[in-house]
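A look at the structure
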Amino acid sequence: MCGIVGYIGKKEVKDILVDGLRELEYRGYDSAGIAVLQDDEIKSYKAVGKLKNLEDKTKDFASDGLAMGIGHTRWATHGKPTELNAHPHLGEFSYVVHNGIIENYQELKSSLQKDGVKFLSQTDTEVIVHLFEKNYKELNDPMSAFEKTIDTLHGAYAVLLITKVDPEKIYFAKHGSPMIVGNDDKGDIHFGSSDAALIGKATEVIYLDDGDYGYTSQEGISIFFDKEKKALNKRALTGDKISAQKGGFRFFMEKEIYEQGEVLSDTIIGRVLDEKINFEELHESFFDGIDEIKICACGTSYNSGLACAYLFERQAKIKTVVEIASEFRYKEPLMTKNTLFVVISQSGETADTLEALKMAKRAGLKTLAICNVDNSSIVRLADHTILARAGIEKGVASTKAFATQVMAMWMLSIYVAQIKNTMSKDEIKSELNAMRHIPNAVIVSDKLHEKIKRLSKRYLHGHGFFFIGRDMFFPLALEGALKLKEISYLHAEGYPAGEMKHGPIALADSELFTIALMPKTLHYDKVKSNVEELSARDSTILAISPLEFELADDFIKTTHCEHPMSEFFEMMVITQLLALEVSVRLGNDVDMPRNLAKSVTVE
Ligand code: AGP
């Protein structure tokens, strides 16, 4: 999730831009840059790593009088975190910054290269500035050229562009990625990909809608939609930075639950193609000689691996074993060269997972990381990495990282199935179609959230919770139990539904709460009978299912039941919200629960 800022005015542009980018640091980044246009000259500075490196590079630069500038913090999606790949990206006489993913960038890039355009970076973004300049040379009008450029882009984008051929304006466009434009009481213009960057600067803002584009200058803001000029829907801007970073939510964890649709869309863009899965980060030959997968991780990342092991075996017909990293390290494991060693980590810094990866490397295994932080220790060590693209996750209790890990490995299971020819083209297309619908399946409706808020009051005591499920809903039950434990401090266990009668059912009574995951598409009747056993012994049942279950004390009806994975993701959101609302009622610190750290970098 990149950060974007822009400014037109007489204040020191560099300071305004860097300060705005600093307010966006919470979104996570691995490089940053600015470009300033003044007196027909554009100066640009870029740096890998933290903003301080960019400030060091710009310390001798100052704007004097009216100027305009754009700035960017980059979270790598296409191309490694290098200075060349950092934004802004330069054409001959224009600069651009961009957040999102241009799905058709490869065909645009090839066409521009055929016209002799030289690309410096590996990014999708760079096509925007070259396309603009090609269109300008043909149309000889910056606005028409910008309009034609935006019409050509497919995918998600928030764009700012400055150009010497129109040195009074910043051009902008928004589709699928957030962009806000505002002004202060002196008429200075401010842009931000989050209002956190505008607080203390702009007094009025406009939250741009998908399809909005236009330009700003000292004369004001002009917004167009489908070539028609739009009225300016300005609103006052809050003064509280932290609440702005939370985007109006009570907690970062709550915001991150609501963000899952957006980040899952980011995770699949450029990877879920019309008829197949494609990973830019991988080549099919990487799987030569591989006939087993070993997944190693901790906590929530272990749960996502456990869930996806079912998919690797069911769809890619490849033996898959999942291990807790802290156990794996000391069990003197057998490792064979035909095994692909996969580590999963949100932070990329978890000590146990990192050490397990080192063991696999020493044993000569091929290694792959599923990670959310580019340039982290695990990413730098693994042979290849599939980035989860969840954006920075501030809540200690992981939510959107788990969701994007599962999505990434679901895609990987299909990718391996393609290589090993274990699925028909129709079966693969059916999976791809299901993937495209997942961002919808995780949308949190007010009705659902209100219902969970209400029923959570009944789950604040008791002597414990069983989260139960079958197949890949068992790892989801583990994850639901972990979420509840982490932020409510109540005891909860995830269990295979079929295991109840092998001992745990001895705990059943009215003070034992059973959260039953009852998908329609996987073993419904089996789970139903397991839940009936618990209900018969007076356990209090919260059933989560698309099918009515009359024995439930509480019932949450799900709606996305066209595919096991849409049921998985919808139930995932419900268990996340349940943990959140129980924790809120208990008055706990949802974002920073006691005894926990966001990244466990020690044993
Ligand atoms: C998840 O809610 C926990 N915060 C914790 O279990 C976490 O998943 C675990 O520490 C692994 O972290 P990682 O994904 O960064 O490696």
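Anyway, here's the lowdown on the structure attached to this text. Computed from a predicted structure; not experimentally measured.

On to the overall build of the chain. Looking only at helices and strands, the chain has 18 helices and 25 strands in total. At 25 Å, the chain has a C-alpha radius of gyration in line with the 25 Å of a compact globule built from 603 residues. Over its C-alpha atoms, taken along the principal directions, the chain stretches across nearly 80 × 55 × 45 Å. As displayed, the chain has an accessible area near 23,000 Å², and 50% of this comes from carbon and sulfur atoms. Side chains of the chain give 72 positive and 89 negative charges; the mean places of these two sets differ by 2 Å.

Next up on the list: the packing of helix H9 (residues 299-315) against helix H13 (residues 400-420). H13 packs onto H9 with a crossing angle of 20° between their chain directions and a minimal axis gap of 9 Å. As the angle between them shows, H9 and H13 are arranged roughly parallel. Where H9 crosses over H13, the two elements pack in a sense that is right-handed. Side by side, H9 and H13 meet where Thr 300, Ser 301, Asn 303, Ser 304, Gly 305, Cys 308, Leu 311, Phe 312 and Gln 315 of the first sit next to Phe 402, Gln 405, Val 406, Met 409, Trp 410, Leu 412, Ser 413, Ile 414 and Ala 417 of the second. Of the residues that constitute the contact of H9 with H13, the class distribution is ten nonpolar, eight polar and no charged.

All right, on to the state of the cysteines then. Defined simply, a disulfide is a covalent bond joining two cysteines at their sulfur atoms. Inspection of the entire model under this criterion finds zero disulfides. Unpaired in this structure, Cys 298 has its nearest cysteine sulfur neighbour in Cys 296, at a distance of 7.1 Å.

Turning next to the side chain of Ser 217. Mapping Ser 217 onto the fold places it in strand E12 (residues 212-217). Apart from residues lying up to four places away in sequence, Ser 217 is in contact with Ile 8, Glu 168, Lys 169 and Ile 189.

Let us now look at the sheet that holds E12. Pairing is antiparallel across the open sheet formed by seven strands, whose spatial order is E5-E6-E7-E8-E12-E13-E14. Bordering the open sheet on either side are strand E5 (89-90) and strand E14 (228-229), each of which pairs with just one other strand. In this structure, strand E8 (residues 170-175) lies alongside E12, joined through five bridges in antiparallel fashion. Bridge pairing in E12 places Ile 170 opposite Thr 216. Packed onto the sheet, helix H4 (residues 126-139) meets E5, strand E6 (94-102) and strand E7 (155-163) and runs at close to 130° relative to E6.

Another point: the sheet that holds strand E21 (residues 464-469). Either a parallel or an antiparallel arrangement is found when strands of a sheet pair, and the pairing is made through backbone hydrogen bonds. Ordered by their spatial adjacency, five strands build an open sheet running E22-E21-E23-E24-E25, and the pairing between neighbours is parallel. Each end of this open sheet is capped by a strand with a single partner; those strands are strand E22 (492-496) and strand E25 (554-557). When strand polarity is set aside, the average angle formed by the axes of neighbouring strands in this sheet is 15°. The strands that helix H15 (residues 446-455) touches are strand E24 (540-545) and E25; relative to E25, the one it contacts most, it runs at about 165°.

Turning our attention to the pairing of E24. Along E24, six of the six residues are buried, which leaves the element largely enclosed by surrounding structure. Across the two faces of E24 the burial is the same, with Thr 540, Leu 542 and Ile 544 and Ile 541, Ala 543 and Ser 545 all buried. Bridge analysis of strand E23 (residues 512-517) against E24 gives five bridges, and the strand direction is parallel. Looking across to E24, one finds that Phe 513 is bridged to Thr 540. With four bridges connecting them, E24 and E25 associate as parallel partners. Within E25, the position partnered with Leu 542 by the bridge is Asp 554.

It is worth spelling out H15 at this point. Among the residues of H15, those classed as buried are Leu 448, His 449, Ile 452 and Leu 455. Angular distribution of buried residues about the axis of H15 spans 135°; they occupy a single face of the element. In this structure, H15 carries Asp 446 and Lys 447 as exposed residues pointing more than 90 degrees from its buried face. The inward-facing, buried residues of H15 contact helix H7 (252-258), E24, E25 and helix H18 (564-585).

Taken together, the neighbourhood of the ligand is formed by 14 residues, with Ser 301, Ser 345, Ser 347, Thr 350 and Glu 486 sitting nearest. Ser 345 is positioned such that a nitrogen or oxygen atom in its side chain is 2.7 Å from an oxygen atom of the ligand. Ser 347 is positioned such that a nitrogen or oxygen atom in its side chain is 2.7 Å from an oxygen atom of the ligand. Contributing elements (two or more residues each) for the shell around the ligand: H9 and helix H16 (473-488).

What follows covers the pattern of salt bridges. Tallied over the full model, the rule gives 33 salt bridges. Between Lys 134 and Glu 138 there is a salt bridge whose closest N-O contact spans 3.3 Å. With Lys 134 and Glu 138 both in helix H4, this residue pair falls four residues apart, about one helical turn. With a relative accessible area of 47%, Glu 138 lands in the partly exposed category.

Attention now moves to the packing of H9 against H16. Contact geometry for H9 and H16: axes closest at 8 Å, N-to-C directions at 165°. Considering their axes alone, H9 and H16 lie roughly antiparallel with respect to each other. At the point where H9 passes H16, the crossing takes the left-handed sense. For the pair H9 and H16, contact is made by Gly 299, Thr 300, Asn 303, Leu 306, Ala 307 and Tyr 310 and by Phe 474, Pro 475, Leu 478, Glu 479, Leu 482 and Lys 483, respectively. The residue makeup of the contact of H9 with H16, split by class, is seven nonpolar, three polar and two charged.

The subject of this paragraph is the environment of Glu 603. Residue placement: Glu 603 occurs in the segment after H18. Each C-alpha atom, one on Glu 603 and one on Glu 355, is 9.7 Å from the other, the two residues being 248 residues apart in sequence. If near-sequence neighbours (up to four positions away) are discounted, Glu 603 is found in contact with Arg 329, Tyr 330, Ala 351 and Asp 352.

Looking now at the nonpolar core. In this structure, Trp 410, Leu 412, Phe 568 and Phe 569 are the most contacted members of the largest nonpolar core, which totals 89 residues. Ile 102, Val 127, Phe 132 and Ile 150 belong to the second largest nonpolar core, which has 26 residues in total.

Moving on to the pairing of E6. Judged by how many residues are buried, E6 sits mostly within the fold: nine of nine residues are covered. Examined bridge by bridge, E5 and E6 share two bridges and lie antiparallel to one another. Counterpart to His 89 in the pairing with E6 is Val 96.

Definitions and cut-offs
- Numbering of residues begins from 1 in every chain and follows the order in which that chain's sequence is written.
- It should be noted that, the model being predicted, local features are given only for residues of pLDDT at least 70 and side-chain atom pairs only at 80 or more, the latter also being counted only at that level, while totals for whole chains, interfaces and linings use all residues.
- Calculated side-chain values reflect all of the structure's heavy atoms, with hydrogen atoms and water omitted.
- Runs of H or I in DSSP of at least four residues are treated as helices and runs of E of at least two as strands, each being numbered from the N terminus.
- For the radius of gyration, the atom set is restricted to C-alpha positions; the globular benchmark scales as 2.2 Å times the number of residues to the power 0.38.
- Every accessible area reported is derived by Shrake-Rupley at a probe size of 1.4 Å, with residue values counting cover from the shown protein chains alone.
- Note that His is not counted, nor are the chain ends; the positive residues are Lys and Arg, and the negative ones are Asp and Glu.
- For this purpose, a charge sits on NZ of Lys, CZ of Arg, CG of Asp or CD of Glu.
- Each axis is a line fitted through C-alpha atoms, and for a helix only the stretch in contact is used; angles between axes span 0 to 180 degrees, taken between their N-to-C directions.
- Orientation is classified from the angle alone, with under 35 degrees giving roughly parallel, over 145 giving roughly antiparallel, 65 to 115 giving roughly perpendicular, and any other angle giving oblique.
- The handedness criterion is simple: a crossing whose near helix is rotated anticlockwise from the far helix by less than a right angle is left-handed, and one whose near helix is rotated clockwise is right-handed.
- Residues are treated as being in contact if the distance between any of their heavy atoms lies within 4.5 Å.
- Lys, Arg, Asp and Glu make up the charged group, whereas Ala, Val, Leu, Ile, Met, Phe, Trp, Tyr, Cys and Pro make up the nonpolar group; the residues left over, Gly among them, are polar.
- Two cysteine sulfurs form what is called a disulfide whenever their separation falls within 2.5 Å.
- The pairing criterion is simple: DSSP has to find at least two bridges between the two strands.
- For the exposure calls, accessible area comes from a 1.4 Å probe over protein chains only, and a residue counts as buried if that area is under 20% of its type's maximum, exposed if over 50%, partly exposed in between.
- Within this analysis, the arc is defined by the directions that extend from the helix axis to the C-beta atoms.
- One heavy atom suffices: a residue is near a molecule or strand as soon as one of its heavy atoms comes within 4 Å of it.
- We define a polar contact as two N or O atoms separated by no more than 3.5 Å, with the added condition that, inside protein, one atom must be a possible hydrogen donor and the other a possible acceptor, whereas residues neighbouring each other in sequence contribute only through side-chain atom pairs.
- Definition used for salt bridges: Asp or Glu carboxyl oxygen within 4 Å of a side-chain nitrogen of Lys or Arg.
- Take the buried Ala, Val, Leu, Ile, Met, Phe, Trp, Tyr and Cys residues and link them wherever side-chain atoms come within 4.5 Å; each set so joined is a nonpolar core.

Just geometry here; none of it tells us what the structure is for.
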